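# A structural walkthrough
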Number of protein chains: 2
Amino acid sequence: MFTPSFLNGVEYLKISVLGCGRWAAFLAWYTESLGNQVMVWGRETSKRYQRLQDTRKNDFLMLPKQVSLSHSLDETISFGEIVIISISSQSLRSLGKQLHALGNIENKTFVLCMKGLEIGTGERLSRILLEELGAGIKVAVWVGPGHVQDFIKGIPNCMVIGSDDIAVTRQIVDEFSSNLIRFYYGTDLLGIEIGAAAKNVVGIAAGMLDGLQYTSLKGALMARGTKELSNLIEAMGGDPMTVYGLSHLGDYEATLFSLHSNNRRFGEDFVRGEVSDTLAEGVYTVEALMDLARIYKIELPICQAVYNIIKGSQDIKGELLSLFLRPVKAE
Amino acid sequence: MFTPSFLNGVEYLKISVLGCGRWAAFLAWYTESLGNQVMVWGRETSKRYQRLQDTRKNDFLMLPKQVSLSHSLDETISFGEIVIISISSQSLRSLGKQLHALGNIENKTFVLCMKGLEIGTGERLSRILLEELGAGIKVAVWVGPGHVQDFIKGIPNCMVIGSDDIAVTRQIVDEFSSNLIRFYYGTDLLGIEIGAAAKNVVGIAAGMLDGLQYTSLKGALMARGTKELSNLIEAMGGDPMTVYGLSHLGDYEATLFSLHSNNRRFGEDFVRGEVSDTLAEGVYTVEALMDLARIYKIELPICQAVYNIIKGSQDIKGELLSLFLRPVKAE
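Residues numbered from 1 in each chain as written. Chains lettered and ligands numbered in written order. Predicted model: local features only at pLDDT ≥ 70, side-chain atom pairs only at ≥ 80, totals over all residues. Heavy atoms only, no water.

### Comments concerning the nonpolar core
Counting 161 residues, the largest nonpolar core has I85 and F110 of chain A together with I85 and F110 of chain B as the members making the most contacts within it. Setting aside residues up to four positions removed in sequence, I85 of chain B forms contacts with L18, L92, L95, F110, V111, L112, C113, M114 and L129 of chain B. (Core = buried A, V, L, I, M, F, W, Y, C linked by side-chain atoms within 4.5 Å. Buried < 20%, exposed > 50% of the residue type's maximum accessible area, 1.4 Å probe, protein only. Contact = heavy atoms within 4.5 Å.)

### Section: the relation of the copies chain B and chain A
Each copy superposes on the other: chain B lies on chain A with an RMSD of 0.0 Å after a rotation of 180 degrees and an axial shift of 0.0 Å. Taken together, the turn and the small shift mark the pair as related by a two-fold rotation axis. When the interface residues of chain B are mapped onto chain A, 100% of them again fall at the interface, so both copies present the same face. (Least-squares fit on C-alpha atoms with pLDDT ≥ 70 in both.)

### Some points on the UniProt feature "domain: Glycerol-3-phosphate dehydrogenase NAD-dependent N-terminal" (unreviewed entry) in chain A
According to UniProt, the positions carrying the feature "domain: Glycerol-3-phosphate dehydrogenase NAD-dependent N-terminal" (unreviewed entry) are residues 14-166 of chain A. Between the end C-alpha atoms of residues 14-166 of chain A the distance is 22 Å, and the span holds 35% helix and 22% strand. (UniProt positions renumbered as here; feature names shortened; annotations may be inferred. Helix = DSSP H or I, 4+ residues; strand = E, 2+ residues; numbered from the N terminus.)

### Some points on helix α2 (residues 47-55) of chain A
Capping the start of α2 of chain A, S46 of chain A holds a side-chain oxygen 3.2 Å from the backbone nitrogen of R48 of chain A, two or three residues further along. Two residues or fewer after α2 of chain A comes R56 of chain A, characterised by a positive phi angle close to 60 degrees. (Polar contact = N/O pair within 3.5 Å; in protein donor to acceptor, adjacent residues only side chain to side chain.)

### Describing the UniProt feature "active site" (unreviewed entry) in chain A
Residues and elements named next belong to chain A. Look at the UniProt record and you will see "active site" (unreviewed entry) annotated at K199. In this fold, K199 is placed in helix α8 (residues 189-211). Overall, the relative accessible area of 7% leaves K199 in the buried class. Residue contacts for K199: discarding those within four places in its chain leaves K115, S247, H248, D251, Y252, T255 and L256. Polar contacts involving the side chain of K199 include one to the side chain of N200, which spans 3.0 Å.

### Structural notes on unusual backbone geometry
The phi angle at N104 of chain A is positive, at roughly 65 degrees, despite the residue not being glycine. Topologically, N104 of chain A is positioned in the loop between α4 (92-102) and β7 (109-112).

### A word on the interface of chain B and chain A
Tallying the contact residues gives 43 residues for chain B and 43 residues for chain A. For the pair chain B and chain A, the two sides together bury roughly 3900 Å², of which 66% comes from carbon and sulfur. On the surface where chain B and chain A come into contact, there are zero salt bridges. The interface formed by chain B and chain A holds six residue pairs in polar contact (both at pLDDT 80 or more) in total. Top element by residues in the side of chain B that touches chain A is helix α9 (residues 218-235) of chain B. It accounts for seven residues. Along the lines of polarity and charge, the residues of the side of chain B that touches chain A split into 25 nonpolar, ten polar and eight charged. (Buried area = accessible area lost by both parts, 1.4 Å probe. Salt bridge = Lys/Arg side-chain N within 4 Å of Asp/Glu carboxyl O. Nonpolar A, V, L, I, M, F, W, Y, C, P; charged D, E, K, R; others polar.)

### Quick look at α4 of chain A
Think of an α-helix as turning once every 3.6 residues; residues three or four places apart then point the same way. Residue and element names in this part refer to chain A. Regarding α4, the residues found buried are L92, R93, L95, G96 and L99. Down the axis of α4, the sector holding all buried residues measures 160 degrees, keeping them to one side. Those residues of α4 that are buried lie in contact with β3 (14-18), β4 (37-41), α3 (73-79), β6 (82-85), β7 and α5 (125-133). In the stretch just after α4, G103 is the one whose phi turns positive, near 70 degrees. (Arc of directions from axis to C-beta.)

### Observations regarding the domain arrangement of chain A
Residue and element names in this part refer to chain A. One can read the domain layout of chain A as domain 1 (5-189) and domain 2 (194-324). Distance between the C-alpha centres of domain 1 and domain 2: 26 Å. Contacts between the two partners involve 25 residues from domain 1 and, on the opposite side, 27 residues from domain 2. Taking both sides of the interface into account, the surface hidden between domain 1 and domain 2 amounts to around 1900 Å²; carbon and sulfur atoms contribute 63%. Put simply, domain 1 and domain 2 have one salt bridge between them. D251 is the partner of K115 in a salt bridge, and the nearest nitrogen-oxygen pair spans 2.7 Å. Breaking the side of domain 1 that touches domain 2 down by element, the ones donating at least two residues are α6 (148-152) and β9 (157-162). Per-element tally for the side of domain 1 that touches domain 2: the top contributor is β9, with three residues. (Domains from an automatic or database assignment.)

### Side note on the pattern of salt bridges
Oppositely charged side chains may form a pair once their charged atoms are brought near each other. Residue and element names in this part refer to chain B. Under the definition given, this model contains 32 salt bridges over all chains. Here E268 ties to R264 by a salt bridge, and the two come within 2.6 Å at their closest N and O atoms. Here E268 pairs with R264, and both are found in helix α11 (residues 262-271), just four residues apart, close to one helical turn. Taking the relative accessible area as the measure of exposure, R264 reaches 2% and is therefore buried.

### Looking at the environment of G245 of chain B
Residue and element names in this part refer to chain B. Topologically, G245 is positioned in the loop between α9 and α10 (252-257). Here G245 falls in the buried class, since its relative accessible area comes to 9%. As for G245 and I192, which are separated by 53 residues in sequence, their C-alpha atoms are 8.7 Å apart.

### Considerations on the sheet that holds β9 of chain A
Within a beta sheet, neighbouring strands are joined by backbone hydrogen bonds and run either parallel or antiparallel to one another. Residue and element names in this part refer to chain A. In spatial order, the strands read β5-β4-β3-β6-β7-β8-β9-β10; together these eight strands make up an open sheet with mixed pairing. Since the sheet does not close on itself, it has two edges, and those belong to β5 (68-70) and β10 (181-186), each with one partner. Between one strand and the next, the sheet's axes are offset by a mean angle of 25 degrees, whatever the strand orientation. Relative to β4, β3 runs parallel, the two sharing five bridges. Looking at the pairing, I15 lines up with V38 of β4. (Pairing = 2+ DSSP bridges. Axes fitted to C-alpha atoms, helices over the stretch in contact; angles between N-to-C directions.)

### Concerning the packing of aromatic side chains
All names here are of chain A. Inspection of the entire model under this criterion finds 20 aromatic pairs over all chains. Their ring planes at 75 degrees and their centres at 6.2 Å tell us that Y30 and W142 sit as a pair that is edge-to-face. With Y30 in helix α1 (residues 22-33) and W142 in strand β8 (residues 138-143), this pair connects stretches of sequence that are 112 residues apart. In this structure Y30 comes out as buried when scored by relative accessible area, which is 1%. (Phe/Tyr/Trp six-rings, centres within 6.5 Å; stacked < 30°, edge-to-face > 60°.)

Right, here's the structure in full:
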């Protein structure tokens, strides 16, 4: 169990949130609302951090005054017993190296609230953290459906906590469950992480179909997308059924259909020739999935098509339609 | 193989379409467009039939003049080698009895383009036809995603042909595949029929969530809905993976998200207290699914909630939210 602190007899936990983007700020807001003491870290040069420091607001929410802000990683990591990390996936390894250099990470539980895979290695985020911080730390992931925009309005959702240690999973679920977020236990960490990351790629594909007026093929996309990733997870040693749970299929409404979805929007804009100012997370993930396809010698036709299109394929429509309208075969 | 007829050296099949609703009219339009000779049957008293006879149009399409219309079931059934049936599911048994009384059904291949289960027995449609016409007939089902509105505009989709006889499946797929509809072979007829029927019930649930402003729970609905029906199909002796293919999950875009979906719309209207003039097909299906839950002693929480609400539960919000926000557990 976590070791709670007390204020006027009321129990609370100290939580560090590393990151200051939309989701990180929500996690600070949410965990504070459960009665915990929260410190948020962001880089001093980050515009998002500066805005939070100046106004305590972002486009979605206002941080309560009890949430402290710091641009000292040392101070923030020393603060919390639970360390929630929500940054861009490709930056996790360098953050891990920084944390390792700072030390003072013993007995902390790290919770990764992010979805991605490392380009070049295809490595999962929990593995990157273990590689950089040492196998002694406790790591869990917190993924699943839910948009900040909805949660802030009080619209509830279910999410998943997964780790390789069911005791860690239980502790986090116990601490963070509420009427707003109901957590399920995830037991296949590999499948959860691959599925959670890859749903952003399926989201880009969905947006591309929307952009080409082939929205009605998103049904076939859901059936084929889940299957292709189920095959990958099985080849990697995970449970082929995990993608059909909350971490992947359960996130399809938010990722393939919602107007809030960055990845869907990116795909739609891309096929319309509109340049996005920021790349969606799925753009990095699809590159890492190509690494995994190579390593595990497996075909990922939908991911491959998204990759080809992003890399400049001249036949966008052909790449997408051929996924679904290939010669007749068994499902 | 089917025995083609010839006109000026060009091969064609004779096809009877029983039914004259939106989908039946589309099937006549589509199979005629492939170069076949088509006769459509409707009851003389049916308003849809009268409108087709008077104007050759419905709200979606115009039937080409080569398609003949008849209100004689005897004439229509005698005409075609392939008999496509697209009527309301609860009427199939009585139509089967009429066909049996007429005779002249030997060597015909029946293709059921309809989604439902019989109230009182939970029986699948292909079984009803075999029970009424005798085990000697050939029966297949044609299901999967696709809205008439989209097909008519030339937007392609993938669908599934399933039967217990792979030779029959192959013949129908060969005859009816085109650039507009690409068919996949379905090998688990039981799973296909249960999944295709039940997706209308999940569609009603999706509409109810939309109506209550809980659209973001449709992700969890997709994950839990597929699982619950996978369990049912497995209990019935089918393949638990079939629901994750085109016949069920692949139809979720059209059924859970599209504005064209009758079942989604029905659910949305229902929770808003707006009375629909026609019941959606899923209203009948959910009653039959309750029969199956009893027969196979299995829990179907989502179907049960939809059933309770339609039957007048006073706590609509509670019925739906409790599906997803129950006490914490493993997925």
